[in-house]
There are 2 protein chains.
Amino acid sequence: MSARPKPVDTAIDILRQRFGERLSTSAAVREQHGHDESYHGAAPPDAVLFAQSTEEVQAAVQVCAAHRVPIIAYGTGTSLEGHVAALKGGLCIDVAQMNQVVRLSVEDMDVTVQPGLTRKALNEHLKGTGLFFPIDPGADASIGGMSATRASGTNAVRYGTMRENVLGLTVVTADGRVIRTARRARKSAAGYDLTRLFVGSEGTLGVFTEVTLRLHPVPEAISSAVCSFASIKGAVDAVIQTIQTGVPIARIELADDVQMDAINRHSKLDYKVAPTLFLEFHGSEAGVKEQAETVQAIAAEHGGEGFRWALRPEERSKLWQARHDAAYANKALRAGCGLWATDVCVPISRLTDCILETKADLATSPIPAPLVGHVGDGNFHLTFVFKSEDPKEVAEVERLNERLVMRALAMGGTCTGEHGVGYGKIDFLTAEHGEAVALMRSIKLALDPHNLMNPGKIVRV
Amino acid sequence: MSARPKPVDTAIDILRQRFGERLSTSAAVREQHGHDESYHGAAPPDAVLFAQSTEEVQAAVQVCAAHRVPIIAYGTGTSLEGHVAALKGGLCIDVAQMNQVVRLSVEDMDVTVQPGLTRKALNEHLKGTGLFFPIDPGADASIGGMSATRASGTNAVRYGTMRENVLGLTVVTADGRVIRTARRARKSAAGYDLTRLFVGSEGTLGVFTEVTLRLHPVPEAISSAVCSFASIKGAVDAVIQTIQTGVPIARIELADDVQMDAINRHSKLDYKVAPTLFLEFHGSEAGVKEQAETVQAIAAEHGGEGFRWALRPEERSKLWQARHDAAYANKALRAGCGLWATDVCVPISRLTDCILETKADLATSPIPAPLVGHVGDGNFHLTFVFKSEDPKEVAEVERLNERLVMRALAMGGTCTGEHGVGYGKIDFLTAEHGEAVALMRSIKLALDPHNLMNPGKIVRV
């Protein structure tokens, strides 16, 4: 008597018949799809499907649903909390080949794209239209992945996060239906806000197959500046006053002394090793000039000095390159080390306290951890530069990270401003939301009763 | 043998013991709470509780849950789609006495209020802080009601709707738990977006007992203007170009010829009887001047003429008074008639077509229906001025309204941009969302399995 085949093997057989070589069970492909850019443990899926259309995703989900096989959607694998690890095996649906612009309306300033299109590819496509898509997490992530993790980045202070910029989604649900969460109207009061429910759901409620995004006019003028401060408090107070004054600043990024030192070393620059704000202004020629003057005056009141302006595109690129190269600079701080990036977000009135207490905590630890922040939103990152093979260092990073999160929660903040929960922060979600996690679990079970969609992420079932 | 008391009577007895005279079963109080400002059929609740705290709302919900009695939250009763009608009887929880500001942070530019506080009372409270709360539906609605219906208004084009401006909610759920949907961080990627799920849920998922709102800096300068156009298309094209140019316009409101005629008659004004834009600019002195010049030039390109500027507060008030008095002006169009206000929202590229087709449809009908619109969002309203006692006129309004909604849906729009669904538009929701309504129903049943929270609204169970 032969053993009965496992459901996942049956499903893979069916999928292989339909998809041929686009269904891979090779060890290398599975391994590559079992981890993101974090150090949370990898878990390869049983198979990877390179899907090419909504219909294909739907067909694959229907097969998986019939055989109770988990489904994990995969974009660029650049998430940071273990989002794509196949903790219970199953089928990874890689949407990288679904990378087309489906439609674009310049008049409506919106675009519908397939989920595998990356943000940089989208902006390439938009060149010459007068429009751009502003959300910029560090990585050149896919639009599907950015929607799934509610990504944001340096200019969320002006343009919002994926929450504000996704107008609607086409989703394959756990039972294999295809739904649209919203039509293209700019606003609607028609029923539950399914769009916002799916944005940030990290693949646990369905697989996105199309995303409609809000676009923004390319500003007539852009200028950038860098300014250092005598203290973190001075820098943060300057940010608070800037925002209270109503200056529509496009970017206002903080780097601490540790980060500036790393940037100087890596990029051969000579910035002062002190808390530093990187600023960017978008608007009309006159508007940008006025914003910049206002902020320069505010910065001066709070101990800002050594303003460096960058008006021409090449100067601006150079200035922001230093900020964007932070990750490389950090890697260079300790040879052979890995990077563990974490983020929290607090009410801005608590940001100085949160950063200062965090830096005091870090001062007692051997692990370097440069700090950068999207401080206009109260959001900041630490990047732990650690020996990922050394269990003692891993444990130390885990300890520091937990203390950081608990500190942010105690100040009315959140355990993650933009990286998401994945399974790296799943326990912190309960610490943050308490009873409300039970509601999240009810919603999960209502939409995915067999826990097939990216199981083990956000809420445990 | 005496008849067993009905569950609702048992619940009322228990509630009366606890709340005394704050639990009313008087016919007048019940009647008053059984309808909003629409002509959808009224349905009085069995009793009305004037609650004073989260704990009281929780206690009342627990009693109702135990006895399977429906619960309807009530703010100011200014909704427009039958939202508060107690279609299955039950307990109305009036939160008007929960009207306090709980906390205010000027640094964080946020405030937590009880749900019965009205938007005007909130702005009174904020005077002198340099901050204001921008969302302005016509009525002086409660913040709880505005959150529940995802309200917006004239300046959503700049400041967003309740969706963008509610940071978190305290909610009593159907099973009598108290949860908080979010902490105070300006952004978060921590789990499902419960805040956005509850905003716009119209009391069907829980009762709000506290609302945390985002505030905005009072602009340094404000200027307003009125400008008439030769055609609807000219006016809408001017709006599209204004927004594409990146002008951060605060208000851009359209009134059609019928509406302008009504305004002139009512307010003894002499505006040209033609499609007209009401504009408002917020910013620095120089910024407002620049915005205004840009828009004036754009308007001129599209046939705009007779610009009237209003810079001083009294002039501005007078200008906007005409717009705000539209409802009174409409009532004066036909003696003894009622107003049926409806709204749709379409992608702005379809707005001209949608308005022109609608006006052609109205031209064949005896019912006057002035048109005003938040055109920067693609959102517009008709106000049918009709004999509410005449079944033929009611049927005619229903027919025109249905044609309006179906036209908007066919153009990729929504059945309601800001009024909500209530039970007046419950059938249109299915026409709009199709399969996705099944998801909404699953969510409703997951969070309210006995269908006690405002039953019969948004989704039928």
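Residues numbered from 1 in each chain as written. Chains lettered and ligands numbered in written order. Predicted model: local features only at pLDDT ≥ 70, side-chain atom pairs only at ≥ 80, totals over all residues.

A. Region of the structure containing the overall build of chain A. Of the regular secondary structure elements, chain A holds 17 helices and 18 strands. By the compact-globule yardstick of 23 Å for 461 residues, chain A fits well, its C-alpha radius of gyration being 23 Å. Projected onto its principal axes, the C-alpha coordinates of chain A cover approximately 80 × 55 × 40 Å. Every one of the 461 residues in chain A was classed for burial, and the buried ones make up 60%. Pairs at least 24 residues apart make up 72% of the contacts formed inside chain A by residues separated by at least 6 positions. (Helix = DSSP H or I, 4+ residues; strand = E, 2+ residues; numbered from the N terminus. Rg over C-alpha atoms; globule rule 2.2 N^0.38 Å. Buried ≥ 20, exposed ≤ 12 C-beta atoms within 10 Å, placed from the backbone. Contact = placed C-beta atoms within 7 Å.)

B. Main features of the pairing of strand β16 (residues 338-345) of chain A. Residues and elements named next belong to chain A. Judged by how many residues are buried, β16 sits mostly within the fold: six of eight residues are covered. In this structure, β16 lies alongside strand β18 (residues 379-386), joined through eight bridges in antiparallel fashion. Looking across to β18, one finds that W340 is bridged to F384. (Pairing = 2+ DSSP bridges.)

C. View of the environment of D9 of chain B. All names here are of chain B. Note that D9 resides in helix α1 (residues 7-19). Residue class for D9 comes out partly exposed when judged on the 15 C-beta atoms lying within 10 Å of it. Separated by 152 residues in sequence, D9 and T161 place their C-alpha atoms 40 Å apart.

D. The arrangement of the sheet that holds strand β10 (residues 206-214) of chain A in detail. Residue and element names in this part refer to chain A. Ordered in space as β5-β6-β10-β8-β9, the five strands form an open sheet in which the pairing is antiparallel. The sheet is open, and its two borders are formed by β5 (101-105) and β9 (178-180), each paired with just one other strand. Between one strand and the next, the sheet's axes are offset by a mean angle of 15 degrees, whatever the strand orientation. Sheet topology places strand β8 (residues 166-173) next to β10; seven bridges connect them, and they run antiparallel. Within the sheet, the bridge partner assigned to T173 lies in β10 and is G206. (Axes fitted to C-alpha atoms, helices over the stretch in contact; angles between N-to-C directions.)

E. Representation of the interface of chain A and chain B within the structure. If you look at the interface, chain A gives 77 residues, while chain B gives 76 residues. Looking at the side of chain A that touches chain B, the elements with two or more residues in it are α7 (162-165), β9, α8 (194-198), α9 (232-244), α11 (285-301), α16 (426-433) and α17 (436-447) of chain A. Broken down by element, the side of chain A that touches chain B gets its largest block of residues, eight residues, from α17 of chain A. Class assignment of the residues belonging to the side of chain A that touches chain B gives a composition of 30 nonpolar, 28 polar and 19 charged. (Nonpolar A, V, L, I, M, F, W, Y, C, P; charged D, E, K, R; others polar.)

F. Representation of the pairing of strand β2 (residues 47-50) of chain B in the model. Residues and elements named next belong to chain B. Residues A47 and L49 of β2 are buried on one face, and the alternating residues V48 and F50, pointing to the opposite face, are buried as well. By the bridge criterion, two bridges tie strand β1 (residues 23-24) to β2 in an arrangement that is antiparallel. Residue pairing across strands places L23 opposite L49, the latter belonging to β2. Bridge analysis of β2 against strand β4 (residues 91-94) gives four bridges, and the strand direction is parallel. When the bridges of β4 are listed, V48 appears paired with C92.

G. A look at helix α16 (residues 426-433) of chain B. Residue and element names in this part refer to chain B. Restricting attention to buried positions, one finds in α16 the residues F428, L429, E432 and H433. With its buried residues spanning 120 degrees around the axis, α16 presents them on a single face. Where α16 is buried, its residues contact α15 (391-410) and α17 (436-447). Phi turns positive one or two residues past the end of α16, at G434, with a value near 55 degrees. (Arc of directions from axis to C-beta.)

H. Main features of the packing of α9 of chain A against helix α14 (residues 351-363) of chain A. All names here are of chain A. Running from amino to carboxyl end, α9 crosses α14 at an angle of 155 degrees, the nearest separation of the two axes being 9 Å. By the angle between their directions, the pair α9 and α14 is classed as roughly antiparallel. The chirality of how α9 crosses α14 is right-handed. Residue-level contacts link I232, K233 and V236 of α9 to L351, T352, I355 and L356 of α14. Partitioning the contact of α9 with α14 into residue classes produces five nonpolar, one polar and one charged. (Parallel < 35°, antiparallel > 145°, perpendicular 65-115°, else oblique. Left-handed = near helix turned anticlockwise from the far one by under 90°.)

I. Representation of α1 of chain B. Residue and element names in this part refer to chain B. Across its 13 residues, α1 extends 18 Å between first and last C-alpha, which sits within 8% of the 18 Å expected from 1.5 Å per residue. Every buried residue of α1 is listed here: V8, A11, I12 and L15. The buried residues of α1 occupy one face: seen down the axis, they fall within an arc of 100 degrees. Exposed residues lying more than 90 degrees from the buried face of α1 are D13 and Q17. Immediately downstream of α1, the backbone of G20 shows phi near 55 degrees, a positive value. (Expected span 1.5 Å × (residues − 1).)

J. Structural detail: the nonpolar core. Grouped together as the largest cluster of nonpolar side chains are 296 residues, with contacts concentrated most on I93 of chain A together with I93 of chain B. Those residues in contact with I93 of chain B, other than ones at most four positions away along the chain, are L49, A51, V57, A60, I71, A73, Y74 and V207 of chain B. (Core = buried A, V, L, I, M, F, W, Y, C linked by C-beta atoms within 7 Å.)

K. Representation of the sheet that holds strand β4 (residues 91-94) of chain A within the structure. With mixed pairing, the four strands of this open sheet are ordered in space as β1-β2-β4-β3 (chain A). Because the sheet does not close on itself, it has two edges, and the strands there are β1 (23-24) and β3 (71-74) of chain A.

L. Main features of the environment of R158 of chain A. All names here are of chain A. By secondary structure assignment, the location of R158 is in helix α6 (residues 156-159). Sequence separation of R158 and S24 is 134 residues, and the distance between their C-alpha atoms is 42 Å. Once you skip the residues sitting within four places of it in the chain, R158 turns out to touch P248, I249, A250 and H282.

M. Expanded view of the relation of the copies chain A and chain B. Placing chain A over chain B gives an RMSD of 0.0 Å and needs a rotation angle of 180 degrees, together with 0.0 Å of translation along the axis. Both copies are brought into coincidence by an operation consistent with a two-fold rotation axis. Most of the interface of chain A is mirrored in chain B: 99% of its interface residues are interface residues there too. (Least-squares fit on C-alpha atoms with pLDDT ≥ 70 in both.)

N. Examining the environment of V113 of chain B more closely. Residues and elements named next belong to chain B. Summarising the element assignment, V113 is placed in strand β6 (residues 110-113). By the C-beta count within 10 Å, which is 26 here, V113 ends up buried. Contacts of V113, omitting those with residues within four sequence positions, involve V101, V102, L122, I143, V211 and L213.

O. The arrangement of unusual backbone geometry in detail. Residues and elements named next belong to chain A. In this structure, M109 takes a positive phi of about 50 degrees despite not being glycine. Relative to the assigned elements, M109 resides in the loop between β5 and β6 (110-113). By the C-beta count within 10 Å, which is 22 here, M109 ends up buried. One non-glycine residue, R150, adopts positive backbone phi at about 55 degrees. One can find R150 in the loop between α5 (143-148) and α6. On the neighbour-count criterion, R150 (28 C-beta atoms within 10 Å) is buried.

P. Just the confidence of the model for chain A, in detail. Here chain A averages 96 in pLDDT, while 100% of its residues score no lower than 70. Across the whole predicted complex the pTM is 0.97, and at the interface the ipTM reaches 0.97. (pLDDT = per-residue confidence, 0-100.)

Q. Spatial organisation of the packing of helix α9 (residues 232-244) of chain B against helix α11 (residues 285-301) of chain B. Residue and element names in this part refer to chain B. Contact pair α9 / α11: the axes reach a minimum separation of 9 Å and the direction vectors enclose 140 degrees. Here α9 and α11 pass one another in a crossing that is right-handed. Within the contact between the two elements, α9 uses A238, Q241 and T242 and α11 uses V295, I298 and A299.

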